[in-house]
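Structural overview
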Amino acid sequence: MIGHMYFPLLLQPTKSFPSALLSLLLVMAVHSSRTVSLSRSQNCGTPLQQSLKLTRLIHKESVELIRTYKASQGALSELFCKSSSSEVPQPKISGLEPSERLLSVSSVLRSFLPHLRRVLEQQTDLQSPSSRLLTELSNVRNRSASLASVIGRLYQDLFPNLPAPEPPAGGPTQMPPPQNIFQQKVYGCVVLRRFKDFLLNVARELRTLKSRVCRTPPANTLLF
Amino acid sequence: MAMVLYIGLLHRLLLACLVSSGLAFSADPPERPENLSCVALQVDKRISNNVTCSWDTRKRGTLIETKTSLFFSSGSDEEKEKEIKDADKHRGTVTLSIFPHHMNAKVWVVSENKLGKVKSDVLETEADRFAKTNPPFNVVAISEKQFPESLLINWSQPIKNVYVKLIYQIRYCKHGSQTWSEIPLEDTAREIQSFRLQYLRPYTLYITQVRCKMYREGFGYWSDWSRNATKMTPEDKPKSKPDLWRTINNTEGRNRKTMHILCKDPELSNGRIRIFKVKMQSLPWTEVVVNRTGSQDLAVDLRQIQDPRGIIFVEVIACNSVGQSPKASLKIPRNQHQFPPVNKLMWKSDKGQLLIEWQTPNVSAGGSPPKHNLTEYVVQWVSGKDGKMDWQRENRSTLKTFIRGDLENFIYYNISVYPIYSDWIGQPVTIPAYLEQGAPSHPPSIKVEYLGSNNAKLVWTDIPQEKQTGFIVNYTLYYFTLNERDVQAITLPANTYSYHLKTLSSNTTYLTKVKSSTIKGSATSPEHMFITAKYAPGEVKGIVVGACLGFLFLLLGITILCFYKWQSIESKWWPTIPNPENSRIGTWTPDFHLKNEPPKENTLVDVSVVEVDMLDGKSVFEEDRAGLPLKKDKYLSEEHSSGIGDSSCMSSPRQSVSDSSHSSDEGGDLGETAAGAVQYSSVVASQGYKGQNPNAAAHGQQPQQQQQQTTPSFRRSESTQPLLECEDGGDTPGSSGQSRLLSPGSGYRSKALDHGSARCAEGGPPGPGEQGSAVLLRFWPGDPACQQSGAQDAAESPEFLEAVPASHCMTKLVGYRPQ
């Protein structure tokens, strides 16, 4: 609400330098405290903690998934997992502001989902239907979709006045061309590895955001 | 369009008819589901994607087909719908693609039929709230020797924290106990996988369980309890005194008593007691090794004291492998009466336990020594079944307690409470008690102890105490006749074991039975039949005794009568016959001068004549009855004089010779009579004899005179009549000679006297005939032994032998015949 009150001030033309400087300092102070104020006005931590927990869960599952994936791809899995691919999104989170970074998280996460679906499709052809890899892949993919929706909801909760996250710019995510089996294996491993790294970055980002939003967490929250 | 409206209207009318036909409750719109809840169980290492939800509806049902749908919505699954086809089934399971950890979920139920659609409240919560994990696994308890009061509990979490963060709860109990002790949640509601149980009892087997739940309060479900982790705490030295007590048994009869000093392990034994150290009186300490294999509470018999006398002091210390316990002491006084007992001891069965209550001893009234304070109580119980004894101690503030032993239902127990005054055993109070009473298991047996004509005493045996299942409150005696079946019932106190029925009918069959009752039931004996007597036993005895007494009195009367009337009876039935032996025959020598004495005034006038038939054996009495009057008349005349000199005795039952004609008249031949019988002379005592002298009589008796001449010293009349004693020799001149003659004839027998007894009368001078008789014949009346006696007499008296032939009986006849 405070932000709502002082946004008009930011748009007013400066009449004098002192007054402009005072207004700038005021806007900076309000802007820097806007996020925190919003988070505290909401149910502090619930969506954020859900996102963080879910991110950790998917990260844990992705670690297991990579281990399972390597085990299911043969002896050279360690080698080709070290290779890279330009079609796979980078696990970096861009932006300076939390909103930008959270928006970046949501954008990158959504860009990983088609790759995860592609890997699942490729491994479905390569593995037996009862393969544990398929189950884990499916779980990671589903949870990732859930995490994307949770992050989007979190963004709306934290930045209700900013526009909702949109699909990545430039249309649909660019998918790799048809690949042979080896390429599929390499591709899958790169996707999973990058996705795991991305989840790690997301968890770190959410933790940072949490520390900003919930500086004085309740005792029960600290306990657990 | 009109057709459609018509069908719709018809449909509504049909439903309205259903409602109005009494099926209103069955045709209502669907009920609103309430109390919706869901659960997702753990499968393998994750929470299952099958979420089962349940809800409640009101009890009314519906006849209309109702569709119930369960909806589940979360981030990953936008909306899952599960249709529940069974309307009465208030639960359903939704299968998701994956359980939505850390995400919100919405659940609701929609019921729909033709009369309406109802949606339940939406259950919107975090999906982890539905998770129910498996219990923790690999639960182990670890004992550490340096911590005898502690156990370390370790376990593994059933699911990873990334899915569900868990809190834990721990509970434990002693082995065999039914009560769990739970560790407060504040101590365990954390993400832990081990916990140390403290303040446990050393050397005790503990069972531990763990369960878990999602960490958030109000979220999730507690898992089931884990498997038991059983472990015994390490051993420690005993921390309390051993439980020392004594019991006294009667052995080898009531006079021999044996005191057993018993001891249980300390309550805080903290290990296996291996040795008891015992000290009695001032003797040194001795050790009793404990070899126990059973229950730890089993008492050890430390000492036996035969016929305990005086004051006894006992001290005991219990030892285990770590150390020894504090010392326990017991003082057994010579007289327990100086330590007053508890008051108002009572018992009651309460919730399957035996509750004992009492009041504190009246110390002032009992005069307890002030130096001995009441310190504790000992509650002792002895089973009536097998005599097994046990006890427990209570502190001084306890006035009610439950018996902690394994008491059995329907068993009699003697409960005693002993006050303990600074180790001195006080006077006990004992009451019988049952943990649970029941109906008597055995009926009493009844029998008839006494049976009369109109009464009977019934006796029944008391049920043995070991077979009693409760206190007998009363006995009910039933009796009735066999025909009427009119049952009479008499209720008798419990301490009555016999009853005297007094209003019975004689000679009647009765059936009787007795019922023993407790507060929980009764048992009736089999029917016992008895028949009352026709006569009372006393009646028969009275009759017999009366008859005997009557007979005895009759005999006594007769005896008394005979005693007092003996003279008359004797004179009547057994007339006195003088003993001929005692008679003195007058020695009628030729130069004998008979002194004529004047007749006395009281000379026998009335003479009885006794006639004895020696051969035909007729009783003299019978003859006398017929012929006595006549004979009397005859005898009164002088014509019948026998002519015996001075003898007036009439010993012969027959008439004299002078009366022989009369005898012949009766049909008897004189010759035969003379040959077969001894005829005695008839003696007529009259004045006619006066003046007779022997000489005159001798004129008519020549044959005798001849004999008399040959034996001049035995001259007498011809009569064979034996001379009677009462022929007073002093009165007659021949008395001296007669006495001399009869002295050897002491063989006279009373039998002869009986047959030949005759009344003695003072005789006058013998008749002429008598004087002619020179031979004195001894009287042997028909006795077969007469010959022998005669021979004997003859041998004794040679003189007599000369005078009397070998057959002197015949001689008598011969000598009499000329008469």
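Presented here is an overview of the structure given in this document. (Residues numbered from 1 in each chain as written. Chains lettered and ligands numbered in written order. Predicted model: local features only at pLDDT ≥ 70, side-chain atom pairs only at ≥ 80, totals over all residues. Heavy atoms only, no water.)

Remarks on the overall build of chain A
Spelled out, the test is: Only DSSP runs of H or I reaching four residues or more are called helices, and only runs of E reaching two or more are called strands; each is numbered from the N terminus. Only protein chains enter the accessibility calculation, which uses a 1.4 Å probe; a residue whose area is less than 20% of its type maximum is buried, one above 50% is exposed, and one in between is partly exposed. Residues count as neighbours in contact if any of their non-hydrogen atoms are within 4.5 Å of one another. For every accessible area listed, the method is Shrake-Rupley and the probe measures 1.4 Å; residues are considered covered only by the protein chains on display.
Looking only at helices and strands, one finds 9 helices and 0 strands in chain A. Along the chain direction, N to C, the helices and strands of chain A fall in the order α-α-α-α-α-α-α-α-α. Residues counted as buried form 43% of the 224 residues belonging to chain A. Pairs at least 24 apart in sequence give 84% of the contacts found in chain A among residues at least 6 apart. Counting only carbon and sulfur atoms, one obtains 59% of the accessible surface of chain A, whose full area is about 12000 Å².

Digging into the overall build of chain B
Scanning chain B from N- to C-terminus turns up 16 helices and 40 strands. Per-residue burial for chain B yields a buried fraction of 45% across its 819 residues. The long-range fraction of contacts in chain B, counting pairs at least 24 apart against all pairs at least 6 apart in sequence, stands at 70%. Counting only carbon and sulfur atoms, one obtains 52% of the accessible surface of chain B, whose full area is about 42900 Å².

Here's the deal with the state of the cysteines
Residue and element names in this part refer to chain B. Which entries qualify depends on this criterion: Two cysteine sulfurs form what is called a disulfide whenever their separation falls within 2.5 Å.
For the coordinates displayed, the defined rule picks out 1 disulfide over all chains. Note that cysteine 38 is cross-linked by a disulfide to cysteine 53, the S-S spacing being 1.8 Å. When the S-S torsion is 105 degrees, as for the bridge of cysteine 38 with cysteine 53, the disulfide is right-handed. Of this pair, cysteine 38 sits in strand E1 (residues 34–43) while cysteine 53 sits in strand E3 (residues 50–56), and the two are 15 residues apart along the sequence. The same class applies to cysteine 38 as to cysteine 53, namely buried.

Things to note about the pattern of salt bridges
Residues and elements named next belong to chain A. Spelled out, the test is: For this document, the term salt bridge refers to a Lys or Arg side-chain nitrogen within 4 Å of an Asp or Glu carboxyl oxygen.
Scanning the entire structure with this criterion turns up 18 salt bridges over all chains. The partner of glutamate 64 in a salt bridge is arginine 67, with the nearest N and O atoms 2.9 Å apart. One end of the pair is glutamate 64 and the other is arginine 67, both in helix H4 (residues 46–73) and 3 residues apart, which spans about a single turn. Judged by relative accessible area, which is 22%, glutamate 64 ranks as partly exposed.

Digging into the interface of chain A and chain B
Short version of the rule: Counting of polar contacts relies on pairs of N or O atoms within 3.5 Å, with two restrictions inside protein: one atom must be capable of donating a hydrogen and the other of accepting it, and residues adjacent in sequence are counted only when both atoms are side-chain atoms.
The interface of chain A with chain B comprises 15 residues on the first partner and 18 residues on the second. Across the contact surface, chain A and chain B share 1 salt bridge. Note that B:Lys160 and A:Glu64 form a salt bridge whose closest N and O atoms lie 3.7 Å from each other. At the boundary of chain A with chain B, the tally comes to 4 residue pairs in polar contact (both at pLDDT 80 or more). Secondary-structure elements contributing two or more residues to the side of chain A that touches chain B are H4 and helix H7 (132–158) of chain A. Per-element tally for the side of chain A that touches chain B: the top contributor is H4(A), with 8 residues.

Digging into the sheet that holds strand E34 (residues 456–460) of chain B
Residue and element names in this part refer to chain B. As a reminder, the rule being used: Strand pairing is assigned whenever DSSP identifies at least 2 bridges connecting the two strands. Note on geometry: axes are C-alpha line fits, over the in-contact stretch for helices, and angles between N-to-C directions span 0 to 180 degrees.
Across the sheet, 3 strands lie side by side as E33-E34-E37; this open sheet has antiparallel pairing. Here the strands that pair on one side only, and so sit at the sheet edges, are strand E33 (446–451) and strand E37 (498–501). Within this sheet the neighbouring strands show an average axis-to-axis angle of 25 degrees, counted without direction. When E34 meets E37, the two strands line up antiparallel, connected through 4 bridges. When the sheet's bridge partners are listed, leucine 458 is paired in E37 with tyrosine 499.

Considerations on a nonpolar patch on the surface
Residue and element names in this part refer to chain B. The condition that has to hold: Here, patches come from residues exposed beyond 30% relative accessible area and free of salt bridges, joined within 9 Å for like charges and within 5 Å for nonpolar side chains (Val, Leu, Ile, Met, Phe, Trp, Tyr).
There is a patch of nonpolar side chains on the surface, built from Val545, Leu549, Phe551, Leu552, Phe553, Leu554, Leu555, Leu556, Ile558, Ile560, Phe563 and Tyr564 and spanning about 1300 Å² of accessible area. As for its placement among the helices and strands, tyrosine 564 is situated in helix H4 (residues 537–564). Residue classification places tyrosine 564 among the exposed residues on the basis of a relative accessible area of 63%.

Here we look at the sheet that holds strand E15 (residues 194–197) of chain B
All names here are of chain B. Ordered by their spatial adjacency, 3 strands build an open sheet running E11-E12-E15, and the pairing between neighbours is antiparallel. The two strands at the open ends of the sheet, each matched to only one other strand, are strand E11 (137–144) and E15. If you compare each strand with its neighbour and ignore which way they point, the axes differ by 20 degrees on average. Where strand E12 (residues 147–156) lies against E15, 4 bridges are found, and the strand directions are antiparallel.

A word on the side chain of B:Thr247
Residue placement: B:Thr247 occurs in strand E18 (residues 243–251). Non-local contacts of B:Thr247, meaning those with residues more than four positions away in its chain, are made with B:Thr258, B:Met259, B:His260, B:Leu262 and B:Met389.

Some words on unusual backbone geometry
Residue and element names in this part refer to chain B. Of note in this structure, aspartate 307 is not a glycine but carries a positive phi near 45 degrees. As for its placement among the helices and strands, aspartate 307 is situated in the loop between strand E22 (300–306) and strand E23 (312–319). The phi dihedral of serine 422 is positive, around 50 degrees, even though this residue is not glycine. A relative accessible area of 22% means that serine 422 is categorised as partly exposed.

Quick look at the packing of aromatic side chains
Aromatic ring pairs are reported here in terms of the distance separating the ring centres and the angle at which the planes meet. Residue and element names in this part refer to chain B. Put simply, the rule reads: Only centres within 6.5 Å qualify two rings of Phe, Tyr or Trp (six-membered ring in Trp) as a pair; their planes then separate them into stacked at under 30 degrees, edge-to-face at over 60, and tilted for everything else. Either the NZ atom of lysine or the CZ atom of arginine qualifies as a charge over a ring when it sits within 6 Å of the ring centre and within 35 degrees of the ring normal.
A full pass over the atoms with the stated rule returns 22 aromatic pairs over all chains. Taken together, a centroid distance of 4.9 Å and an interplanar angle of 85 degrees make the contact between tyrosine 434 and phenylalanine 471 edge-to-face. With tyrosine 434 in strand E32 (residues 429–434) and phenylalanine 471 in the loop between E34 and strand E35 (474–481), this residue pair connects regions lying 37 residues apart in the sequence. Taking the relative accessible area as the measure of exposure, tyrosine 434 reaches 0% and is therefore buried. Chaining the aromatic ring pairs together yields one cluster made of Phe313, Phe339, Tyr421 and Trp424. The ring of phenylalanine 219 carries arginine 129 above its face, with NZ or CZ at 5.3 Å from the centroid. The ring of phenylalanine 219 is capped by arginine 216, whose NZ or CZ atom sits 4.3 Å from the centre of that ring.

Here's the deal with a positive patch on the surface
Definition in use: Within this scheme the basic residues Lys and Arg register as positive and the acidic residues Asp and Glu register as negative, but His and the chain ends are omitted. Throughout, a charge is located at the NZ atom of Lys, the CZ atom of Arg, the CG atom of Asp or the CD atom of Glu.
A grouping of A:Arg153, B:Lys67, B:Lys106, B:Lys117 and B:Lys119 is seen on the molecular surface, where their side chains present a positively charged patch. Looking at where B:Lys119 falls in the secondary structure, it is placed in strand E8 (residues 116–119). Judged by its relative accessible area of 42%, B:Lys119 is partly exposed.

Description of the environment of B:Tyr172
Residue and element names in this part refer to chain B. Mapped onto the elements, tyrosine 172 comes out in strand E13 (residues 166–174). What makes tyrosine 172 buried here is its relative accessible area of 15%. Placed 38 residues apart in sequence, tyrosine 172 and valine 210 show a C-alpha to C-alpha distance of 8.9 Å. Among residues more than four places away in sequence, those in contact with tyrosine 172 are Thr179, Trp180, Ser181, Ile183, Leu197, Leu200, Tyr206, Ile207 and Thr208.

With respect to the nonpolar core
Put simply, the test is: Grouping buried Ala, Val, Leu, Ile, Met, Phe, Trp, Tyr and Cys residues that are joined through side-chain atoms within 4.5 Å yields what is termed a nonpolar core.
Formed by 94 residues in total, the largest nonpolar core has its most connected members in A:Leu102, A:Phe195, A:Phe198, B:Val51, B:Trp155 and B:Leu197. With 14 residues, the single largest contributor to this core is helix H8 (residues 181–213) of chain A. Leave out the neighbours within four places in its chain, and A:Phe195 touches A:Ile58, A:Leu109, A:Phe112, A:Leu116, A:Val140 and A:Ser144.

Some thoughts on the pairing of strand E24 (residues 328–332) of chain B
Two faces, one strand: in a regular strand the side chains alternate between the faces of the sheet. Residues and elements named next belong to chain B. The two faces of E24 differ: Ala328, Leu330 and Ile332 on one face are buried, but Ser329 and Lys331 on the other face are not. Of the pairings in the sheet, the one linking E23 to E24 comprises 5 bridges and is antiparallel in character. The residue bridging valine 314 from the neighbouring strand is leucine 330, located in E24.

What to know about the packing of H4(A) against H7(A)
All names here are of chain A. Condition: Should an angle lie under 35 degrees it is considered roughly parallel, over 145 roughly antiparallel, and from 65 to 115 roughly perpendicular; all remaining angles are considered oblique. Crossings are assigned a handedness: left-handed for a near helix turned anticlockwise from the far helix by less than a right angle, right-handed for a clockwise turn. When residues are grouped by polarity, Ala, Val, Leu, Ile, Met, Phe, Trp, Tyr, Cys and Pro land in nonpolar, Asp, Glu, Lys and Arg in charged, and all others, Gly among them, in polar.
Two numbers describe how H4 lies on H7: the axes approach to 9 Å, and their chain directions differ by 155 degrees. The angle between H4 and H7 places the two elements in the roughly antiparallel class. For the element pair H4 and H7, the recorded crossing hand is left-handed. Tallied by class, residues from the contact of H4 with H7 come to 14 nonpolar, 9 polar and 6 charged.

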